[in-house]
Each structure stands twice: as C-alpha cells, then as structure tokens.
Amino acid sequence: MGESLESPSLRVSEVFYSLQGEASRMGLPSVFVRLTGCPLRCVWCDTGYAFTGGQSMPLATIFDRVSGYGVRQVCVTGGEPLAQKNCLLLLVSLCDAGYDVSLETSGALDIAEVDPRVSRIVDLKAPGSGESERNRWSNIPLLTPRDELKFVLTSRADYEWAKQTITGHRLDQRCPILFSPVQDALDPRDLAEWILADRLPVRFQLQLHKLLWGNIHGK
Ligand code: SF4
C-alpha cells in the first residue's frame, strides 16, 4: 500500500478472523474489520458495544492486520462503517490488493462512493427495527447484481412490509435478497414457511456464527 495511505486513520472496534456468518459468502474463512460508531439505534442491534470506544488505527496498520491472516475474504462492518469517510479509502486499498471485499452497511448512508469492486450488503430496515424512516431509498437504483439487500425481521408485520417493498421496487431484479429472523423475536420456522408459501424470490438465512458458537464473532 502507498505512502499516501499511511496517515489517514479509522476508529476500529476490532479486527478478527472467523467464518463469514451471512449472505452469499457464508461459511468462507474471512477477516472482519469492525469500525466504531453508528448513527442508528436498531432495537435488535447485537453490536451496541461498537457504538463507542474503539481505537484509532492508521489505514496501514489495519491493512497489515488484515494481511496477517492470509485469507482472501475481507468484510468491513460496524457499527456503520460508512459513518467514517476514510472507510472509502480502506475499501479501495483492499480491492487494489486483490482481496474479495464486502461491506455491511445500514442502508441509511449514501453508497454511491463505495468502490464498485466491493460487494455491498445493504440493510433495508423494517418497521420493527425502529429505524425504517432512515432507509435511504436513493441507494436502491445504485445496487447491482454483485450487491445484496438484507431484511432483518421481527414479526409477520415486518415480513409483509418486506414483501410489499420487494414487489413495489422490483428489488429481486436488482440483486440477491436476504431474509433473516431476529433471534428470540421471530421463529425461524415461521419465516421459512411464509417464504415457501409465498414463493418469494429471497434467500432465508440464519447467522452461521451464532449457530456454531453462539456469539456475534464466531470463535
Ligand atoms: S445499523 Fe447496524 S450497527 Fe447500527 S444500530 Fe442498526 S444494527 Fe446496530
């Protein structure tokens, strides 16, 4: 990585190694860079510890930590990673180095400036999150087949909202769509059966790391 990337920094909650627990890269050994801070407060958020604190790290240090794990998959997550502008520089440098980079973002911030080589995993917040008014609908036309849209659902009402949103915006023609139940709020079997009954063009998913290790990190 070049000299110019040695001075910018990011506030980082953690850099860790685990299996990717979600979306199309599920099950692949991956390095996670969790950036600190988020302007949202989803009621079911499981990463509240990343709202504050963390450690300021030069991009070069983050890059070295990532490369030390020796795997090709890198996931930049949060918090809301796009809340820090230098996140865009980190994504470019990771792509330049040949990593397969994904970005997990709340859907509330502009994704237009994200390096097009990055696979953007974008949330659409259902009403049960308490943050659905933050959805940035102008992001939708920017999505491509290499991106993914994620709905995290707490109830039948959330499911109906998601279904109508997909139909109304023809989302299934833009990119793959993921449906996840909120743990201890929506029975995964109910969600699976609703999807089957409606023949929805979505992928049902459970968070692999929670099934395996019962926490949000993996190991
Ligand atoms: S956007 Fe993500 S990190 Fe922020 S509150 Fe919602 S679930 Fe938590």
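Residues numbered from 1 in each chain as written. Predicted model: local features only at pLDDT ≥ 70, side-chain atom pairs only at ≥ 80, totals over all residues. Heavy atoms only, no water.

## What about the pattern of salt bridges?
Moving on, step 1. In total, this model carries 14 salt bridges according to the counting rule given.
Moving on, step 2. One salt bridge connects lysine 150 with glutamate 22, and the closest N-O pair in it is separated by 3.0 Å. Here lysine 150 is found in strand E7 (residues 148–153), whereas its partner glutamate 22 is found in the loop between strand E1 (9–19) and strand E2 (29–35), with 128 residues between them in sequence.
Moving on, step 3. A relative accessible area of 9% places glutamate 22 in the buried class.
Moving on, step 4. Across the pair lysine 163 and glutamate 160 runs a salt bridge whose closest N-O atoms are separated by 3.5 Å. Of the two residues, lysine 163 and glutamate 160 both sit in helix H3 (residues 156–169), 3 residues apart, roughly one turn of that helix.
Moving on, step 5. Residues joined by salt bridges that share partners form a network here, namely Arg156, Glu160, Lys163 and Asp198. (Salt bridge = Lys/Arg side-chain N within 4 Å of Asp/Glu carboxyl O. Helix = DSSP H or I, 4+ residues; strand = E, 2+ residues; numbered from the N terminus. Buried < 20%, exposed > 50% of the residue type's maximum accessible area, 1.4 Å probe, protein only.)

## Details of helix H2 (residues 87–96)
Moving on, step 1. A large share of H2 lies buried, amounting to 7 of its 10 residues.
Moving on, step 2. The complete set of buried residues in H2 reads Cys87, Leu88, Leu90, Leu91, Ser93, Leu94 and Cys95.
Moving on, step 3. Check the buried side of H2 and you find it contacts E1, E2, helix H1 (59–69), strand E4 (73–77) and strand E5 (100–105).
Moving on, step 4. Glycine 98 occupies a position one or two residues after H2 and carries a positive phi of about 95 degrees. (Contact = heavy atoms within 4.5 Å.)

## A look at the packing of aromatic side chains
Moving on, step 1. Counting across every chain of the model gives 8 aromatic pairs.
Moving on, step 2. Note on phenylalanine 16 and phenylalanine 32: the rings are 4.9 Å apart at their centroids and 10 degrees apart in plane angle, and the pair reads as stacked. Placement of the pair is phenylalanine 16 in strand E1 and phenylalanine 32 in strand E2, with a sequence separation of 16 residues.
Moving on, step 3. On the accessibility criterion, phenylalanine 16 (11% relative accessible area) is buried. (Phe/Tyr/Trp six-rings, centres within 6.5 Å; stacked < 30°, edge-to-face > 60°.)

## Here's the deal with the sheet that holds E1
Moving on, step 1. One open sheet holds the 9 strands; their spatial order is E3-E1-E2-E4-E5-E6-E7-E8-E9, and the pairing between them is mixed. The sheet is open, and its two borders are formed by strand E3 (55–58) and strand E9 (203–204), each paired with just one other strand.
Moving on, step 2. By the bridge criterion, 4 bridges tie E1 to E3 in an arrangement that is antiparallel. Along E3, the bridge assignment pairs serine 9 with proline 58.
Moving on, step 3. Helix H4 (residues 188–198) contacts E7, strand E8 (177–181) and E9 of the sheet and is inclined by roughly 145 degrees relative to E8. (Pairing = 2+ DSSP bridges. Axes fitted to C-alpha atoms, helices over the stretch in contact; angles between N-to-C directions.)

## Description of the site of the ligand
Moving on, step 1. Within the structure, the ligand sits among Cys38, Leu40, Arg41, Cys42, Trp44, Cys45, Thr47, Phe51, Gly79, Ser106 and Lys125.
Moving on, step 2. Split by residue class, the shell around the ligand holds 6 nonpolar, 3 polar and 2 charged. (Near = heavy atom within 4 Å. Nonpolar A, V, L, I, M, F, W, Y, C, P; charged D, E, K, R; others polar.)

## Quick look at the nonpolar core
Moving on, step 1. Counting 48 residues, the largest nonpolar core has Ile62, Val76, Leu94, Leu149, Phe151, Leu153 and Phe179 as its most contacted members.
Moving on, step 2. Broken down by element, this core gets its largest block of residues, 6 residues, from H2. (Core = buried A, V, L, I, M, F, W, Y, C linked by side-chain atoms within 4.5 Å.)

By themselves, these are just geometric observations and shouldn't be taken as functional.
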